[in-house]
Protein chains: 4
Amino acid sequence: MVFILNPDAKQEQIDSFIRQWEAKGFSTIFSVGTEHRAVCLIGNTSSVDMDHVVETCDIVRYARRITEQYKAVNRSVHSEDTIIKAGGVTIGEGTFTVIAGPCSVESREQILSVAEAVKASGAKILRGGAFKPRTSPYSFQGMQAEGIELLLQAKEITGLPVVSEIMNQTQEKYFENVDIIQIGARNMQNFDLLKAVGRMGKVVLLKRGMANTIEELLMSAEYLMTAGTDKIILCERGIRTFETMTRNTLDISSVVLLKQKSHLPVIVDPSHAAGIRSLVAPLSKAVLAVGADGLMVEVHSDPKNALSDGAQSLDPEQFDALMRDLKPRAALENKAI
Amino acid sequence: MVFILNPDAKQEQIDSFIRQWEAKGFSTIFSVGTEHRAVCLIGNTSSVDMDHVVETCDIVRYARRITEQYKAVNRSVHSEDTIIKAGGVTIGEGTFTVIAGPCSVESREQILSVAEAVKASGAKILRGGAFKPRTSPYSFQGMQAEGIELLLQAKEITGLPVVSEIMNQTQEKYFENVDIIQIGARNMQNFDLLKAVGRMGKVVLLKRGMANTIEELLMSAEYLMTAGTDKIILCERGIRTFETMTRNTLDISSVVLLKQKSHLPVIVDPSHAAGIRSLVAPLSKAVLAVGADGLMVEVHSDPKNALSDGAQSLDPEQFDALMRDLKPRAALENKAI
Amino acid sequence: MVFILNPDAKQEQIDSFIRQWEAKGFSTIFSVGTEHRAVCLIGNTSSVDMDHVVETCDIVRYARRITEQYKAVNRSVHSEDTIIKAGGVTIGEGTFTVIAGPCSVESREQILSVAEAVKASGAKILRGGAFKPRTSPYSFQGMQAEGIELLLQAKEITGLPVVSEIMNQTQEKYFENVDIIQIGARNMQNFDLLKAVGRMGKVVLLKRGMANTIEELLMSAEYLMTAGTDKIILCERGIRTFETMTRNTLDISSVVLLKQKSHLPVIVDPSHAAGIRSLVAPLSKAVLAVGADGLMVEVHSDPKNALSDGAQSLDPEQFDALMRDLKPRAALENKAI
Amino acid sequence: MVFILNPDAKQEQIDSFIRQWEAKGFSTIFSVGTEHRAVCLIGNTSSVDMDHVVETCDIVRYARRITEQYKAVNRSVHSEDTIIKAGGVTIGEGTFTVIAGPCSVESREQILSVAEAVKASGAKILRGGAFKPRTSPYSFQGMQAEGIELLLQAKEITGLPVVSEIMNQTQEKYFENVDIIQIGARNMQNFDLLKAVGRMGKVVLLKRGMANTIEELLMSAEYLMTAGTDKIILCERGIRTFETMTRNTLDISSVVLLKQKSHLPVIVDPSHAAGIRSLVAPLSKAVLAVGADGLMVEVHSDPKNALSDGAQSLDPEQFDALMRDLKPRAALENKAI
């Protein structure tokens with residue numbers, strides 16, 4: 001149940017209102033938007049007489065029951081789009097933010113050359129994996145702490161904010177200067193990690209699990225938000241289906257639904273969804289057209305010799321061509337790219 | 001195995017070449033493109049010495065093994081895009097063809113009003129179901145022969161060519177004046193129907209089954225082609241996955257793959273894929289951006305009272321807004337709409 | 001809505017009761033069980049005052065709303081297990097009926113040798129495909145009418161009743177002496193075929209489509225039943241999932257659910273589900289243990305050289321070993337095998 | 001590549017053989033079975049001349065290439081069944097081990113009453129969740145450390161060994177006296193957790209992720225094994241498919257495949273797979289018949305008021321009936337229960 005507050009409600013009135021509900025055993029979410037402020041009750045609200053509260057409580061303008069299990073991330077509770085700033089870059093609000101970089105940081109030379117190339121082509125954020133979740137224990141597991149170090153050097157040199165994946169809560173220390181912390185698809189329902197990362201208060205990029213529903217993705221974002229972060233970027237990256245010609249099936253409809261159900265920005269990773277280089281550019285154009293807030297693309301200076309995900313990585317020239325292709329299309333959507 | 005022929009090969013030489021292979025027990029496909037003509041062998045070609053044929057046979061320029069099971073629809077056999085004419089409308093070749101109309105023909109008034117509305121907004125082909133495959137025997141099964149009759153009246157009045165679904169081979173007689181015969185998703189692997197419709201020699205719109213792979217769709221097109229039709233439009237309409245928030249999951253990547261693997265035009269039906277009205281417009285924009293050759297959209301003059309699929313049908317105003325949205329985007333893709 | 005009738009209701013009273021509802025625009029299903037007779041209304045029953053009918057209508061003992069869309073196949077309408085007789089063999093009622101035979105009839109010698117072998121091992125019904133739905137137009141399409149002829153010769157010689165797949169309604173004439181008509185997985189939602197086969201009034205073996213839900217399978221059985229057949233055997237044969245190590249994923253839970261929801265007998269085809277010979281025997285034991293009414297197993301005299309499905313076919317010795325394995329297990333379940 | 005060693009090879013010879021390969025950059029797995037000992041090479045073995053090694057190296061009897069990515073868990077490397085002892089209970093080797101208990105430990109009284117009941121009915125191991133992965137942050141998250149404490153009290157009183165789920169590596173300390181550590185389905189690809197738990201050297205129950213393939217499950221077991229544990233029990237618990245009538249689809253074929261591909265014992269959790277109480281007993285019988293080494297069943301003293309998974313939990317009487325049902329069936333399979 002969400003109570004939309006009157007514009008002139010004073011903070012002390014709101015605090016008292018919240019305390020009153022918490023005394024009755026409810027949890028609460030206090031949401032501040034540009035259009036209105038709201039208090040959302042969590043718990044069994046079936047016995048709450050909604051009309052009575054609206055009538056008797058001066059600071060409440062109106063109330064609504066929320067049938068969805070997700071509350072804090074729900075657009076009913078917070079109606080305007082959330083806009084996120086990460087290292088000077090805006091995600092959401094009339095922008096189409098392109099994140100690019102290699103699957104894995106492999107060397108200083110590699111990450112620097114890719115960083116400079118993607119920056120020149122117009123990418124706004126640099127990606128690079130250091131801790132890599134790999135199906136096989138015999139596959140390259142990432143450069144670990146050293147990889148983060150090299151990524152941060154690339155950040156310093158190029159000025160691009162960076163995003164990298166955290167795999168467990170003991171790695172927090174390495175991520176202090178990482179602008180955006182990625183929760184990978186395989187960890188989308190690692191709830192203890194969500195709580196720990198939520199408490200860090202940083203910008204989080206939350207990838208959809210390959211067999212998780214849209215609703216479960218929103219519930220995992222709810223974990224982050226109740227733990228302390230409201231700067232969450234949702235990321236569709238393909239789901240597991242019977243079709244084997246692509247690595248996963250990009251669920252492009254999810255972008256529209258996520259933006260309808262939630263106020264959080266939504267980006268798409270076409271590289272992992274497709275797993276095939278030649279699909280990345282057309283899918284990227286579709287992602288822009290469908291209304292996403294951005295894109296995360298794998299770019300490698302030498303895809304054939306990449307230590308991971310080479311088959312789906314663009315080389316810098318292909319990425320540059322893609323960016324040139326995207327620009328007039330972004331203009332048509334009234335989005336800065 | 002496909003033999004690409006020399007440009008100066010004479011038809012009698014080709015005929016003799018073909019007869020020679022058929023005498024050895026192979027089936028053959030003779031493909032005529034604007035760039036070249038080709039003869040494709042079907043059968044166990046493992047013992048054919050490809051190089052020897054190229055060396056000894058004057059009319060053969062070069063040869064290639066085809067690993068895919070689909071041959072006639074394979075881009076390796078016929079490298080240029082197939083362009084289809086149906087009732088004066090072109091599908092493929094720099095066009096983005098919008099097919100629109102109700103799920104089911106329900107009355108003369110209904111189909112005429114929708115036909116005129118969608119024509120005014122820019123649709124090029126009218127859809128309308130008369131024989132309806134419904135999960136329940138208690139649901140409306142379509143107006144049957146009378147529905148086709150009304151659809152043909154709408155064709156005569158508006159001049160729009162029409163497409164409608166055939167459900168079994170005893171219905172052929174009703175489809176004589178229908179411009180495009182639709183094979184529905186549930187019949188994609190009704191192989192006897194494919195053979196019968198293929199023999200009719202008409203333009204066919206072949207929808208992907210909701211649990212069929214891209215390869216299986218191409219194999220079903222191969223059934224049509226070997227039976228006698230080369231005028232086939234492939235249609236992606238969503239696949240069945242674990243996600244329940246949409247009716248099906250639109251597999252947008254399939255558009256790119258189908259166009260890479262085959263020379264046939266590919267359109268998308270976002271209405272059935274999503275099953276939700278508010279998704280149709282954004283998905284349509286994505287479909288155009290990803291490179292499809294067209295769109296099939298359900299439009300109903302009164303969606304709330306539709307006898308089938310009301311929840312996913314646009315009303316004429318929503319369809320008109322969509323068409324206005326699509327036009328500048330088509331221009332950017334250099335496609336006539 | 002179903003009305004359970006008083007045991008002493010006379011047929012003329014029942015006829016009058018039915019006419020009265022049909023006059024109001026409802027369809028009806030009249031179900032005769034050993035425990036009770038029932039009349040089920042089809043249509044919008046929301047305005048029917050159920051209690052009023054029970055109070056005012058002498059022949060009605062009690063009534064119940066049926067929320068499921070399937071009515072005639074619903075256990076609420078017909079509470080006892082349906083028992084089917086096909087060529088002297090009983091399916092259901094304390095039996096575990098094993099159907100065995102080759103995927104395709106390939107020759108007189110082949111079908112006879114398999115028929116005699118499986119009979120000797122204890123199979124009660126012979127399977128053999130003559131019209132084969134194959135993904136590729138270049139694969140063996142079955143011996144067609146001649147295949148049926150050979151299957152019927154095997155029936156005459158061995159005395160085993162036979163089951164074979166019909167692919168379209170123009171083939172009805174060939175199936176006159178076939179004891180059980182199979183609707184294949186790819187045709188489960190070929191609704192016109194269901195209606196046509198339902199009208200034939202024969203025993204039907206209805207296979208679950210590889211991407212169809214349990215509810216859809218029951219709706220397709222409802223098509224058969226409303227068309228005129230109440231002798232329907234449901235068959236689980238695996239569903240399409242992301243797992244590729246098996247051909248399909250055997251949904252063993254569906255057996256329990258189908259028997260809870262419906263009164264129809266349920267058998268399982270482990271050969272198609274698994275697609276791997278070594279899985280057939282353990283799955284067959286599981287199928288018996290879970291409560292199915294029977295089994296359909298592919299057996300070929302020479303699996304390595306089978307024209308279709310060789311990899312999943314048992315040879316006669318393996319089948320014999322399986323039958324010996326199943327017998328004590330059937331005894332434990334109090335089922336004749 | 002695996003080298004099967006001669007029976008008379010001395011340990012010092014083997015050590016030297018291993019050192020020699022490690023010096024060339026390979027990792028090795030040394031496997032000791034009752035039938036033979038083997039050394040498996042991990043790395044790019046394409047340039048190793050297998051025949052040359054067999055000919056020149058006295059201690060090698062024969063060698064084999066392993067195409068699968070999993071090596072240590074591969075039956076080709078270790079051909080006999082692995083038998084596991086946990087708190088005096090044997091898993092594998094002619095046993096059918098039943099693990100039972102509540103989804104969550106909820107109170108001392110609850111866990112004790114369930115523990116005594118399931119012990120009386122014949123369960124050999126007690127399950128009870130303390131750290132609970134829940135889709136919603138607002139759902140009961142388990143009693144945490146206190147839950148483990150109560151579970152250990154139940155162990156002390158009843159003598160039953162216990163299994164409980166670990167959610168992250170900071171919880172290791174609580175699990176010192178827990179006999180079997182469970183990795184839940186959502187953590188099957190939490191590779192850092194696998195490494196950490198593998199290093200603990202305890203018996204591990206590894207559940208298949210709901211969208212993970214059989215091969216991925218084996219790769220995750222490989223993570224555990226290379227980290228230091230060879231006492232791994234694999235657990236099938238249903239996969240995510242399009243079917244919604246059950247919570248998940250029990251992939252019963254996976255039991256057979258896992259036992260063919262790997263030497264590890266395999267059990268099944270029908271409660272989570274089905275999500276419906278009435279399916280648990282028939283599925284359990286199927287699980288025994290198909291060849292699994294055991295069963296994990298949710299039992300609650302008061303399912304209606306359970307804090308989690310009530311709908312799928314048996315009450316003690318239902319569990320007792322199931323155990324009585326299973327006993328003669330286990331006898332038929334020559335398995336102790």
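The preceding data block contains the structure.
Residues numbered from 1 in each chain as written. Chains lettered and ligands numbered in written order. Predicted model: local features only at pLDDT ≥ 70, side-chain atom pairs only at ≥ 80, totals over all residues. Heavy atoms only, no water.

Caption draft 1: View of the overall build of chain A. For chain A, the count of helices and strands is ten helices and 14 strands. Computed over its C-alpha atoms, the radius of gyration of chain A comes to 21 Å, within 12% of the 20 Å expected for a compact globule of 337 residues. Considering only C-alpha atoms, chain A reaches an extent of 70 × 45 × 45 Å along its principal axes. The 337 residues of chain A split such that 66% are buried. Contacts spanning at least 24 positions in sequence make up 68% of the contacts within chain A whose residues lie at least 6 apart. A total accessible area of about 11800 Å² is found for chain A, and carbon and sulfur atoms account for 46% of it. Looking at charge distribution, chain A has the averaged site of its 37 positive side-chain charges lying 2 Å from that of its 41 negative ones. (Helix = DSSP H or I, 4+ residues; strand = E, 2+ residues; numbered from the N terminus. Rg over C-alpha atoms; globule rule 2.2 N^0.38 Å. Buried < 20%, exposed > 50% of the residue type's maximum accessible area, 1.4 Å probe, protein only. Contact = heavy atoms within 4.5 Å. Areas by Shrake-Rupley, 256 points an atom, 1.4 Å probe, with all protein chains shown as cover. Lys, Arg positive; Asp, Glu negative; His and termini not counted. Charge placed at Lys NZ, Arg CZ, Asp CG, Glu CD.)

Caption draft 2: Spotlight on the interface of chain B and chain A. With 36 residues of chain B at the interface, the matching set in chain A holds 36 residues. Taken together, the two surfaces of chain B and chain A that pack against each other cover about 3000 Å², and 71% of this comes from carbon and sulfur. Where chain B touches chain A, the interface holds four salt bridges. Its salt-bridge partner being Glu333(B), residue Arg329(A) comes within 2.8 Å of it at the nearest N-O pair. (Buried area = accessible area lost by both parts, 1.4 Å probe. Salt bridge = Lys/Arg side-chain N within 4 Å of Asp/Glu carboxyl O.)

Caption draft 3: Structural context of the interface of chain C and chain D. Each partner contributes residues to the interface: chain C has 36 residues there, and chain D has 36 residues. Here chain C packs against chain D, burying approximately 3000 Å² in sum over the two surfaces, 71% of which is carbon and sulfur. For the chain C face of the interface with chain D, the top three residues by lost area are Phe242(C), Met245(C) and Leu332(C), together amounting to 21%. Across the contact surface, chain C and chain D share four salt bridges.

Caption draft 4: Molecular detail of the packing of helix 9 (residues 277-290) of chain B against helix 10 (residues 316-332) of chain B. Residues and elements named next belong to chain B. Where helix 9 contacts helix 10, the axes come no closer than 10 Å and their chain directions differ by 20 degrees. Compared by their axis directions, helix 9 and helix 10 come out roughly parallel. For the element pair helix 9 and helix 10, the recorded crossing hand is right-handed. Here helix 9 contributes Arg277, Ala281, Ser284, Lys285 and Leu288 to the contact with helix 10, which in turn contributes Gln318, Leu322, Asp325, Leu326, Arg329 and Ala330. Here the contact of helix 9 with helix 10 is composed, by residue class, of five nonpolar, two polar and four charged. (Axes fitted to C-alpha atoms, helices over the stretch in contact; angles between N-to-C directions. Parallel < 35°, antiparallel > 145°, perpendicular 65-115°, else oblique. Left-handed = near helix turned anticlockwise from the far one by under 90°. Nonpolar A, V, L, I, M, F, W, Y, C, P; charged D, E, K, R; others polar.)

Caption draft 5: Spatial organisation of the sheet that holds strand 9 (residues 162-166) of chain B. All names here are of chain B. Taken together, eight strands build a closed barrel; the order of strands is 7-8-9-10-11-12-13-14 and the barrel is parallel. On average, adjacent strands in this sheet sit at an angle of 30 degrees to one another, irrespective of strand direction. Sheet topology places strand 12 (residues 232-236) next to strand 13 (residues 266-268); three bridges connect them, and they run parallel. For glutamate 236, the partnering residue across the bridge sits in strand 13 and is valine 268. The strands that helix 3 (residues 108-121) touches are strand 7 (97-101) and strand 8 (125-127); relative to strand 8, the one it contacts most, it runs at about 150 degrees. (Pairing = 2+ DSSP bridges.)

Caption draft 6: How the structure looks around the relation of the copies chain B and chain A. Of the two same-sequence chains, chain B is brought onto chain A (RMSD 0.0 Å, axial shift 0.0 Å) by a rotation of 180 degrees. Here the copies are linked by what is in effect a two-fold axis. Minimal C-alpha separation from the rotation axis in chain B is found for Ala286(B), amounting to 2.1 Å. Taken as a fraction of all interface residues of chain B, those also at the interface in chain A reach 100%, which identifies the copy contact as same-surface. (Least-squares fit on C-alpha atoms with pLDDT ≥ 70 in both.)

Caption draft 7: Representation of the pairing of strand 10 (residues 180-183) of chain D. Residue and element names in this part refer to chain D. Both faces of strand 10 are covered, namely the face carrying Ile180 and Gln182 and the face carrying Ile181 and Ile183. One ladder, built from three bridges, connects strand 9 (residues 162-165) with strand 10; its direction is parallel. Residue serine 164 lies in a different strand from strand 10, and its bridge partner there is isoleucine 181. Bridging between strand 10 and strand 11 (residues 203-207) involves four bridges; their strand directions are parallel. Opposite isoleucine 180, over in strand 11, you have valine 203 as the bridge partner. In this fold, strand 10 hands off to helix 5 (residues 191-200), which returns the chain to strand 11; that crossover is right-handed. (Right-handed = clockwise from strand over helix to strand, strands pointing away.)

Caption draft 8: Structural detail: helix 4 (residues 145-158) of chain D. Residue and element names in this part refer to chain D. When the terminal C-alpha atoms of helix 4 are compared, their 20 Å separation across 14 residues agrees well with the 20 Å that a helix rising 1.5 Å per residue should span. Among the residues of helix 4, those classed as buried are Gly147, Ile148, Leu150, Leu151, Leu152, Ala154 and Thr158. Elements that come into contact with the buried residues of helix 4 comprise helix 3 (108-121), strand 8 (125-127) and strand 9. Among the residues trailing helix 4, glycine 159 stands out with phi positive, at a value near 80 degrees. (Expected span 1.5 Å × (residues − 1).)

Caption draft 9: Representation of helix 3 of chain D. Residue and element names in this part refer to chain D. Taking 1.5 Å as the rise per residue, helix 3 with 14 residues should run 20 Å; its terminal C-alpha atoms sit 20 Å apart, in good agreement. The complete set of buried residues in helix 3 reads Gln110, Ile111, Leu112, Val114, Ala115, Val118 and Ser121. Summarising the contacts, the buried residues of helix 3 are in contact with strand 7 (97-101), strand 8, helix 4 and helix 10 (316-332). A positive backbone phi angle near 115 degrees is found at glycine 122, which sits one or two residues after helix 3.

Caption draft 10: Quick look at the relation of the copies chain C and chain D. If you rotate chain C by 180 degrees and push it 0.0 Å along the axis, it lands on chain D with an RMSD of 0.0 Å. Same-surface contact between copies: 100% of interface residues of chain C are shared with the interface of chain D.

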